[in-house]
Structures are given as C-alpha cells and as structure tokens.
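Structural characterization, general
Chain by chain, the residues:
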Amino acid sequence: MPKMLREDIDLKSRMFILVLVSSSLLAQVPANITIGFEDATAKAGIQFTHSFGAQKLGSLLESTGSGCVWFDFNNDGFPDLYVASGKPLGEGVHPYPLKQLPTPPPHNHLYRNNGDGTFTDVTDQAGVAANIFGTAAIAADYDNDGFVDLFVTSYGKAILYHNNGIGTFTDVTAKAGIDVDGWSISSTWLDYDRDGCVDLFVGRYVKFDPKYRNFYPADNYPGPLDYAGDTNRLYHNNCNGTFTDVTDKSGIGAYKGRTMGATAADYDGDGYPDIYVSNDKTENFLFHNKHDGTFQEVAGDLGVAYGQNGESTSAMGPVFADVDGDGRLDLFVTDSKYNRLMRNAGASGFEDIGPTAGISRANAQYTSWGSGVYDFDNDGVLDIMIFHGGLVHLVPQEQSLFRGLGNGKFVDVSRQAGAVLETKTVSRGACFADYDNDGKVDAFVVNLGAPATLLRNTTQNSNHWLTVKLKGKKSNRDGIGAHLELLAGGRKQVAERIAGSGYLSQDDGRIHFGLGTAAKMDKLTIRWPSGPEQVVENVPVDRVLTVEEP
C-alpha cells in the first residue's frame, strides 16, 4: 500500500476514534444541566477592588492575594461579608511602587447584608478597616457571648476583633494574648480539647525579605523556596477572653512549612478535630489530634503530604467534605498543578481519586486557588467550584464548575453555567454562602489587584434544601466541630461545622444540605463537640433550621 494512502487511512482512523471519544464524553453530560450563576456584584452594591500595593506584580508578597469570610455579625439571619486587601507599604518593600498613593488608601472592608440582595459598606462605622497588608479572615464567637468575632491575618501582624454587639468591633489582640509576628496567612478555628471554647490555629507562610531580589527573569520575582519556611501557631482559648500560645507544647511548633491554606475537621471520626495544612513547595501537614492537647503529624503515612506524582507542589486551599457519600470526610486541595481529590478510605488513609473522578485533567491547565464543595443544584450530591488565576504573572483564567454525579464522580459543566464563569480573572481567595437565603449557595471571589466578583446562584429546579444553624450551650456557641448526619428521601448525608477552609477564607457557618425531591427531612442527628447526640425528626424543608444544643 502506498505510504501516502496508508497515512491518510491512519489519519482518518484517528479522527474517527477522536469523534467516538468526544461523543462518549458528551454522552456523560446530563441533558438537564441546571446549575447556573450570574454576576451580581453591581446589583448588590459591592464596590471592592483588591490592591497589592504596587504598579505591577513584583514579589511573592504581592502575588499571594487575599481572601474573605461570610459571617452574621449583627444576628439578623443574613450573612455579612468581610474582605481583606493589601495596600502600599513602606519604602523598599515594593519593587515597582505606586507613583501616587490612592485616596483613600486601600483597606479591608465589611459589607452588611441588607436582606434584600444588597449590601452596605459599614467598614468605618464598625472600625475594622485595619491598616495592614491583609491576607485572610476567619470568624467565630470565641467568648461565647452570642456575637461572632473576627480574626484577620496580614504581613506583619494579626488582629483579633471583638464584636461589641452594637455594630462595632474592638481590637483586643494584645488583651487576648495573641501575638503573631511575621507573615500570617490562612487560619482556622477549632475546639481541639472540647472544653466549649474555640481555639485558634494560625498559619504562617515564609520569612519574606523584600530586599532579596535574586531570581531568573522568567520567574518574575523570587519564589517561596527562596525564603525560609516558618512555624504555624496554635492558641488555646482560656475561656475568659484570653488565649495561651501552645504551639510548642502541642507539638505543632516542631514543623516548619510554607502555609497557604489551613482547615480543621475530624477526618477519622474519633470525636476530636484534626488540622490539615497545605504548603507551598513543601510537603503538606495533617496534624492528628491525640486527645491530650498534643498532635501527631501523619500526612505522609496517610497519603496526603505530596502531589499526584509524589512531589511537593504549590498546594493552595484545602476543603473537607464527604464527596462520595460514604459517611467519611474526604479532602479536596487546589493546586498550581493537579488539583487533588483524596477519598477517605478509613484506617488505610486517603487515595487520590482526582484522575478517575473527572477533575484533575480538566483543571491541569490552570492554577487553582479558592474553591467550594457544595450542592449547588440541591440534588443531594456535592458539586465543586474552583477559581483560577496566574501564579507569578497577572494571567487571567476562566473558572471551573464540576457537577457531582454521585459515588465520587463529576462532570465538567463550567462552560454551561453562565457567562460569569467564562470571565477570565486572576482569582485568589473565595468564600461561599447563601447570602439571600433562597436556598442556593452563592460565592464571592477576590481577584488579585482587580474588582471582586459576587456570583449569585440562579439555578432553576424544584429540588428542596435545608440549612442548619447551630447554637451550642455546653459546646462552643457556634457549634464548631459538630458532626451532622441527615436522612431524607432514602439518602444519608454527613457534614461538619467547619470554621476556616479553602484559600485564605471561611464560608458561612450554617450547614447547607441539598435534598433533591425529598419533601421532608426524616432525621437529623447532631453529635455536638461536648459529646452527646441530639436527634431532630420530620422537619419541613426549604428553610433555615436553628438547632440549639440541649
């Protein structure tokens, strides 16, 4: 057979196979894709533009970005929004300083939810502008007075704001005994000793030196490995408004990393919260709670320390959630390379199912940052939303949305979910909440050196939902660490009240369940951090249910 004819037949064969494969992939996409989002930023009245403090991107400090937190600071039933921002710093910090300082200077913002889909900027009245190079924020009622307080990290220091209950906050950092120097970043609340008062884990990144400028031009600026790593901090809540630094006593101080994200949850179901830390170019940490005030680092043993190929990657934001519906909390971690979806296999540890779940390869061309694992279409199966953006350059990228199919399988519906996901941005931290209480989880994302975006969930279907707000008594007031098991329509779902996850952010503290066609919730079992179980049965759906610890 002539060579040209042979090559022509081979080419046609490959094209036929490609068509078959493409048709097969398309066949996997459900015809009734219903998840949709719209850009509601302008309509909501949120005018937030992030600043990295310089003319153009020129350092690791500037490129890290900032995050956000949803929390109901005035107890009106609608989650409010706090957003962190960088700012111009002193001489010699920015390689490309601004020629003229903006007026007013960039700062963090607090937006009060008006309950009608709009927000009012109450930063000045609340006293939380924070004259810092802000990176992240988390919120919890640390003193159990019924009002949620605020913790903010930055380059140089961290701030603990006490909620005064009258729409204002007071900086009580020194009074509370919290002293975090260096570059603090993602943090998380947890009650690691179950004494009814939430403790505080503070992640720290690297020992940044703005004077160090040795790098290859293609790298744009020195990277994380050009600076020494740092220790994280753990503060024990003394239940009297003060904290004690137990970093060394707990065993956590023995480990130096380059923290990007941190979260806490009870991954092994022993009733005590554990801490996962995603590191930049360093192995990740999983601190297992030993029930005696100390932790054991077990990430390597359980398969969650390294990237897909056994290397130290730029891991970003970790999220614990039961993605396969087996009752155990799995772990999703965004990355500059392959995002990792790690199935919790129990005593044997975790296994990376990202490649077989339909996620890893679909995201390999992006650098991923903030993410949320929620049932965005309320069909009873968790979905995953991921925000992307350039790593060392301001390269805008579109966003991703994966619809859960059940049993840890997902399908990419990014390009069918609305123009807002097609919009290319340089995203960083993201936080999630049903801000308008319509039963559909929305999102807010901070874009590096650019206006932020509020994504409103516009999904149209007849699926039902239930959102659970916890009020602890013997346990901490927010119910942080509570384990929830819900039964509706023959489907069991589990979740945990978590306070700090993803990249530089924290989601609304209310726990959201999609119920599909189930017209009622049959049974809700809550295992409170203090120990006892509480059962609530036959509750009407499509509502926010407040459950108070007995």
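Residues numbered from 1 in each chain as written. Predicted model: local features only at pLDDT ≥ 70, side-chain atom pairs only at ≥ 80, totals over all residues. Heavy atoms only, no water.

Another point: the overall build of the protein. Helix and strand counts for the protein come out as 10 helices and 37 strands. What you see for the protein is a C-alpha radius of gyration of 23 Å, in line with the 24 Å of a compact globule of 550 residues. Over its C-alpha atoms, taken along the principal directions, the protein stretches across nearly 85 × 65 × 50 Å. Burial statistics for the protein: of 550 residues in total, 59% are counted as buried. Counted over contacts in the protein with a minimum sequence separation of 6, partners at least 24 positions apart contribute 60%. By element, 51% of the accessible surface of the protein is carried by carbon and sulfur atoms, the whole surface being about 21100 Å². One way to put it: in the protein the 47 positive side-chain charges average out to a point 4 Å from where the 69 negative ones average out. (Helix = DSSP H or I, 4+ residues; strand = E, 2+ residues; numbered from the N terminus. Rg over C-alpha atoms; globule rule 2.2 N^0.38 Å. Buried < 20%, exposed > 50% of the residue type's maximum accessible area, 1.4 Å probe, protein only. Contact = heavy atoms within 4.5 Å. Areas by Shrake-Rupley, 256 points an atom, 1.4 Å probe, with all protein chains shown as cover. Lys, Arg positive; Asp, Glu negative; His and termini not counted. Charge placed at Lys NZ, Arg CZ, Asp CG, Glu CD.)

Our focus in this paragraph is the pairing of strand β11 (residues 199-204). The two faces of the sheet receive side chains in turn, since in a regular strand these alternate between them. Counting buried positions along β11 gives six out of six residues, so the element sits mostly inside the fold. Direction of pairing for β11 relative to strand β13 (residues 233-237): antiparallel, over a ladder of three bridges. By the bridge assignment, Leu-200 is partnered in β13 with Tyr-235. (Pairing = 2+ DSSP bridges.)

A word on the sheet that holds strand β7 (residues 149-154). Either a parallel or an antiparallel arrangement is found when strands of a sheet pair, and the pairing is made through backbone hydrogen bonds. If you trace the four strands from one edge of the open sheet to the other, you get β6-β7-β8-β9, paired in antiparallel fashion. Both outer strands of the open sheet, β6 (134-140) and β9 (169-171), are each paired with one neighbouring strand and no more. For this sheet, the mean angle separating the axes of adjacent strands, direction not counted, is 25°. Of the pairings in the sheet, the one linking strand β8 (residues 159-163) to β9 comprises three bridges and is antiparallel in character. Looking at the pairing, Tyr-161 lines up with Asp-171 of β9. (Axes fitted to C-alpha atoms, helices over the stretch in contact; angles between N-to-C directions.)

Once that is clear, we can look at the state of the cysteines. Here the structure, examined in full by the defined rule, presents two disulfides. Sequence-ordered numbering of the bonded cysteines in the protein yields a pairing of 1-4, 2-3. (Disulfide = S-S within 2.5 Å.)

Here we take up the environment of Val-541. For Val-541, the location among the structural elements is in the loop between β36 (533-540) and β37 (543-548). The class for Val-541 is buried, based on a relative accessible area of 12%. In contact with Val-541, other than residues within four places in its own chain, are His-464, Trp-465, Leu-466, Leu-515, Ala-518, Ala-519, Lys-520 and Met-521.

Before going further, it helps to spend a moment on the packing of aromatic side chains. As enumerated under the stated definition, the model contains 25 aromatic pairs in all. Taking the centre distance of 6.0 Å and the plane angle of 80° together, the rings of Tyr-155 and Trp-183 count as edge-to-face. Pair noted here: Tyr-155 is in the loop between β7 and β8 and Trp-183 is in the loop between α5 (173-176) and β10 (184-190), with a separation of 28 residues, a long-range link. The class for Tyr-155 is partly exposed, based on a relative accessible area of 24%. Here Tyr-212 and Tyr-227 contribute two aromatic rings whose centre-to-centre distance is 6.1 Å and whose plane-to-plane angle is 75°, an arrangement assigned as edge-to-face. Of this pair, Tyr-212 sits in the loop between β11 and β12 (230-231) while Tyr-227 sits in the loop between β11 and β12, placing them 15 residues apart in sequence. Overall, the relative accessible area of 30% leaves Tyr-212 in the partly exposed class. A relative accessible area of 5% means that Tyr-227 is categorised as buried. Grouping aromatic residues by their ring pairs yields a cluster made of Tyr-155, Trp-183, Tyr-205, Phe-208, Tyr-212 and Tyr-227. Of note, Arg-194 hangs over the ring of Tyr-272, and the distance from its end group to the ring centre comes to 4.3 Å. The side chain of Arg-428 reaches across the aromatic face of Trp-369, ending 3.7 Å from its centre. (Phe/Tyr/Trp six-rings, centres within 6.5 Å; stacked < 30°, edge-to-face > 60°. Lys NZ or Arg CZ within 6 Å of the ring centre and 35° of its normal.)

A few words now on the pattern of salt bridges. As enumerated under the stated definition, the model contains 19 salt bridges in all. Salt-bridge contacts for Arg-456 lead to Asp-436; the nearest nitrogen and oxygen are separated by 3.1 Å. In this pair, Arg-456 sits in strand β30 (residues 453-457) while Asp-436 sits in the loop between β28 (427-433) and β29 (442-447), placing the two residues 20 residues apart along the sequence. When its relative accessible area of 24% is taken as the criterion, Arg-456 is described as partly exposed. (Salt bridge = Lys/Arg side-chain N within 4 Å of Asp/Glu carboxyl O.)

Positionally, Met-342 belongs in strand β22 (residues 340-344). Expressed as a C-alpha distance, the spacing of Met-342 and Ile-526, which sit 184 residues apart in the sequence, is 25 Å.

Once that is clear, we can look at the domain arrangement of the protein. As far as domains go, the protein holds domain 1 (37-464) and domain 2 (465-548). For domain 1 and domain 2, the distance between their C-alpha centres works out to 22 Å. Between domain 1 and domain 2 the total buried area reaches about 3700 Å² when both faces are included, carbon and sulfur atoms providing 50% of it. At the junction of domain 1 with domain 2, the criterion picks out one salt bridge. Notably, a salt bridge pairs Arg-527 with Asp-266, separated by 3.5 Å at the nearest N-O pair. Elements with a contribution of two residues or more to the side of domain 1 that touches domain 2: β2 (68-71), β6, β10, β16 (259-265), β20 (315-321), β24 (368-374) and β28. In terms of residue class, the side of domain 1 that touches domain 2 is made up of 32 nonpolar, 25 polar and 10 charged. (Domains from an automatic or database assignment. Buried area = accessible area lost by both parts, 1.4 Å probe. Nonpolar A, V, L, I, M, F, W, Y, C, P; charged D, E, K, R; others polar.)

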